[in-house]
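Residue strings, one per chain:
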Amino acid sequence: MSDRMDAVMVAEGAHSEKAQRRQYKRTPGLMADGRRRSWTAIVTMVLLSVLWTVPTVGLLVASFRTRDDTVASGWWTAVFNPFEAGWTLDNYERVFQGSDLGEGFVNSVVVAIPATVIPILFAAFAAYAFTFMNFRGKDVLFILIVALLVVPIQVAFQPLLNLLGPRGVGISGDYLAVWLLHTGFGMPLAIYTIRNYMTTLPRTVIESAKIDGASHFQTFWRLILPMSVPVLAAFAILQFLWVWNDLLIAKLFLSKNPTVIVELQGLLGAQGQGKELLTAGAFVSMVLPMLVFFTLQRYFVRGLTAGAVKG
Amino acid sequence: MATITFEKAQRWYPGADVPAVPGIDLEIRDGEFMVLVGPSGCGKSTTLRMLAGLEEVNSGKIFIGDRDITNLPPKDRDIAMVFQNYALYPHMTVAENMGFALKMAKIPAAEREKRVQEAAEILGLVEFLDRKPKALSGGQRQRVAMGRAIVRSPQVFCMDEPLSNLDAKMRVQTRTDIAKLQADLGVTTVYVTHDQVEAMTMGDRVAVMKLGELQQVDTPLGLYDRPVNLFVAGFIGSPQMNLLEATAQEGQAKIGDYLVPVDETAAKKMKGNITVGVRPEAWRIVSENEGGLPVRVTVVEELGADAFVYGSSGVAGTPNNIIVRVTGRDKVHKGETIHVTTDPHHVHVFDTATGERLSD
């Protein structure tokens, strides 16, 4: 959970910076805000980016090597001697032949899309109420919801398996169970993030809507939702990636329709045989999340509220 | 079309020790341009927001015409509001912004378009109807906010410092535009500002507020000529009225050796410590032996047609800066000592302790 929180904060920081950058004309040698370019910063950033990318590059390289090679030497030896490395597409071939990755893909999509849309929609409703409506116990309720962030998924599994399983409502193993769980576990952070964003929306805009005769429902759909697109998109990306990469919930609650990640895990034998397939499989499973990220990425820009109020 | 009546309307924010507005009584005539003015925190915005329905009224009543609107939701009050920061909807075009209220009121699209077009023509916004607010200048945004108010042809306009985000030049121009527009439309308007120049230039009548209480409601000139207390005297007028502390002795007001001429009503009523108010333009320069108040000149602001002279008299109780308006140019120079006096009907006498006006 805390990983996701960090990611949200990073995302928020990123889009406000971008918005700032957009406001100024670029001048060579100067940064967008008019300060001098700092070479230390540039070098540090490049260094950090490289550092963060190294494991993924290693994975990519390893996915094109045979099992024997990966056991015998590190992936970097292949990078340094690219002509003697003995590249192979064998892993990818076996991944597609030896497993139901295609079906897993479909299952993953069926899981991930509702498990992204539902919590965001509900959380947006809740966040609107927490931001713009007055009701008794609002603060206590909000604290309670935020406090739920600290509940680790694992501790909730036992009671949830009972509740959703044959002894309870009996939906364990269906998509519905996974949607519900992802919604439940995603909501606290979603409400928290979206509410924080909504409090930064100009209050007078909502007051103006009130005078213009818009109901809460109309205010939400026509004003607040369009103005919240940056945070909704940011959170959608995070939630989608989280659900897509989830193994635990899918493994436990979706036994009938294994997702890509569950299929991947199935490639790995108990003694570690087939681990060379895992590298290739990982890259295959990454294709869709990457696509999602790059299409939604432009919404990370926070410029949407520009022009609502002065300046 | 509509009068507005506040009857002891009170707003007490939850958890506050004192009410923001303890109970305001105010009558605004049909078609009148009423300005609420006062320093920040005086409750003028709260009063306006009570009228708009954005602030709960804890006790008392508010009427528009003879409708009791105290507990009506904002949309049923038939009002429109212009906000300080305009509060435009950023993702809608100018036309959509202006038509939003009509859309909410389920007015057919053709009618809506016609009214938006009319309002846009009045405000010179026709060519911008398809733009988003972020592609407009500050002045244009301000006009869109005005347009949003007038398309609805409401009974009352509420304006909450609509000019304070404009630059000085735009502000002066828009000030006139709004006043003219209001006069043309004849819609009762309540306008909140902290700028007394705006209040004086725009209002049919001006209500001066302080700490949630109405101090005086009068025409701009009425406030200028007969401020009811020290606060109004100091607040209205630029440069400020000279407020000098004096003592009353046997019907005479004395500041050091200087005897201030006062009118008869004040002469009878005053005793003990009083404060004498003289507007900068009410001073006359006299020769030394005529017994005026001596002023040692520290700064002269030449404005061309006239000049403001700032100086101090060195007499206890007088402010550091005595301001004297001198007509013509090059008459007074820095470092000189001039003597000034005034006439009884130009002198405002106040009781120092209560702040009440004693003059006629």
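Residues numbered from 1 in each chain as written. Chains lettered and ligands numbered in written order. Predicted model: local features only at pLDDT ≥ 70, side-chain atom pairs only at ≥ 80, totals over all residues.

A few words on the overall build of chain B. Of regular secondary structure, chain B possesses nine helices and 20 strands. Taking the principal axes of the C-alpha coordinates as reference, chain B spans close to 80 × 45 × 35 Å. Taking all 360 residues of chain B together, 42% fall into the buried category. A sequence separation of at least 24 residues applies to 66% of the contacts in chain B between residues at least 6 apart. (Helix = DSSP H or I, 4+ residues; strand = E, 2+ residues; numbered from the N terminus. Buried ≥ 20, exposed ≤ 12 C-beta atoms within 10 Å, placed from the backbone. Contact = placed C-beta atoms within 7 Å.)

Counting its regular elements, chain A contains 15 helices and zero strands. Every one of the 311 residues in chain A was classed for burial, and the buried ones make up 33%. Within chain A, residue pairs in contact and separated by at least 24 positions form 75% of the contacts whose partners lie at least 6 positions apart.

Residue and element names in this part refer to chain B. Mapped onto the elements, R112 comes out in helix α3 (residues 109-123). A tally of 20 C-beta atoms within 10 Å means that R112 is categorised as buried. As for R112 and L185, which are separated by 73 residues in sequence, their C-alpha atoms are 19 Å apart. Apart from the residues within four sequence positions on either side, R112 is in contact with G99, L102, K103 and I107.

Residues and elements named next belong to chain A. Model confidence for chain A is summarised by a mean pLDDT of 81, while 86% of its residues fall at 70 or above. Segment residues 1-24 is flagged for pLDDT under 50; beyond a separation of four residues in sequence, or across chains, it makes 34 contacts in the model. Here residues 302-308 is a poorly scored stretch, pLDDT under 50, and it has 26 contacts once near neighbours within four places are set aside; other chains count. (pLDDT = per-residue confidence, 0-100.)

Turning our attention to the sheet that holds strand β20 (residues 347-351) of chain B. Residues and elements named next belong to chain B. With antiparallel pairing, five strands are arranged side by side in an open sheet as β13-β12-β11-β14-β20. Two strands lie at the open edges of the sheet, namely β13 (258-260) and β20, each paired on one side alone. Across the sheet, the mean angle separating the axes of adjacent strands is 40° when strand polarity is ignored. Strand direction decides the pairing type here: strand β14 (residues 272-278) and β20, joined by five bridges, are antiparallel. Considered in β20, the bridge of I274 is made with D351. (Pairing = 2+ DSSP bridges. Axes fitted to C-alpha atoms, helices over the stretch in contact; angles between N-to-C directions.)

This part takes up the pairing of strand β19 (residues 337-341) of chain B. Residues and elements named next belong to chain B. Here β19 shows a clear split, with I338 and V340 buried on one side and none of T337, H339 and T341 buried on the other. Bridge count between strand β15 (residues 284-286) and β19: three bridges; the pairing is antiparallel. Across the sheet, V286 pairs through a bridge with H339, a residue of β19. Strand direction decides the pairing type here: strand β16 (residues 293-302) and β19, joined by four bridges, are antiparallel. Within β19, the position partnered with L293 by the bridge is V340.

All names here are of chain B. Remark: helix α4 (residues 138-150) packs on helix α5 (residues 168-185), axes separated minimally by 12 Å, with the N-to-C direction vectors making an angle of 15°. Looking at the two axes, α4 sits roughly parallel to α5. Along this stretch, α4 crosses α5, giving a crossing that reads as right-handed. Contacts from G138, G139, Q142 and I150 in α4 reach M170, T174 and L185 in α5. Looking at the contact of α4 with α5 residue by residue, the class counts come to three nonpolar, four polar and no charged. (Parallel < 35°, antiparallel > 145°, perpendicular 65-115°, else oblique. Left-handed = near helix turned anticlockwise from the far one by under 90°. Nonpolar A, V, L, I, M, F, W, Y, C, P; charged D, E, K, R; others polar.)

Here we take up the confidence of the model for chain B. Model confidence for chain B is summarised by a mean pLDDT of 89, while 99% of its residues fall at 70 or above. Scored as a complex, the prediction yields pTM 0.78 and ipTM 0.82.

Residues and elements named next belong to chain B. Spatial strand order, β6-β7-β8-β3-β9-β10: six strands in an open sheet with mixed pairing. Edge positions in the open sheet fall to β6 (79-82) and β10 (213-218), since each of these has one partner strand only. Put simply, the sheet's adjacent strands are angled 20° from each other on average, direction ignored. Alignment of strand β3 (residues 33-37) against strand β9 (residues 205-210), held across four bridges, turns out to be parallel. When the sheet's bridge partners are listed, L36 is paired in β9 with A207.

This part covers the interface of chain B and chain A. In this complex, chain B contributes 24 residues to the contact, which on the side of chain A involves 21 residues. Counting residues per element, the ones that place at least two in the side of chain B that touches chain A are β6 and α2 (94-104) of chain B. Tallied by class, residues from the side of chain B that touches chain A come to 17 nonpolar, four polar and three charged.

All right, on to the environment of S313 of chain B then. All names here are of chain B. Within the secondary structure, S313 sits in the loop between β17 (306-312) and β18 (322-327). Given 21 C-beta atoms within a 10 Å radius, S313 is considered buried. Residues S313 and Y13, spaced 300 residues apart in sequence, show a C-alpha to C-alpha distance of 46 Å. Excluding residues within four positions of it along the chain, S313 makes contact with L293, P294, V295, T318 and I322.

Counting 158 residues, the largest nonpolar core has V178 of chain A together with V35, C158, V190 and V349 of chain B as the members making the most contacts within it. For this core, the element with the most residues is helix α9 (residues 175-199) of chain A, which contributes 12 residues. Discounting residues that sit within four places of it in the chain, V190 of chain B has contacts with I4, I28, M34, L36, L48, L51, V156 and C158 of chain B. Listed in part, the five residues of the second largest apolar core include V61, A62, F64 and A78 of chain A. (Core = buried A, V, L, I, M, F, W, Y, C linked by C-beta atoms within 7 Å.)

All names here are of chain B. Here β16 runs beside β17; their pairing, made up of six bridges, is antiparallel. The partner of V299 across the bridge, within β17, is Y310. Here β16 folds back onto β17 in antiparallel fashion, the turn holding three residues, of which G304 has a positive phi close to 100°.

Let us look at the packing of helix α14 (residues 260-267) of chain A against helix α15 (residues 275-296) of chain A. Residues and elements named next belong to chain A. Running from N to C, α14 and α15 cross one another at 170°; their axes reach a closest spacing of 9 Å. By the angle between their axes, α14 is roughly antiparallel relative to α15. Across the interface between the two elements, V260, I261, L264 and L267 of α14 pack against L277, L278, G281, A282 and S285 of α15. Broken down by class, the residue content of the contact of α14 with α15 amounts to seven nonpolar, two polar and no charged.

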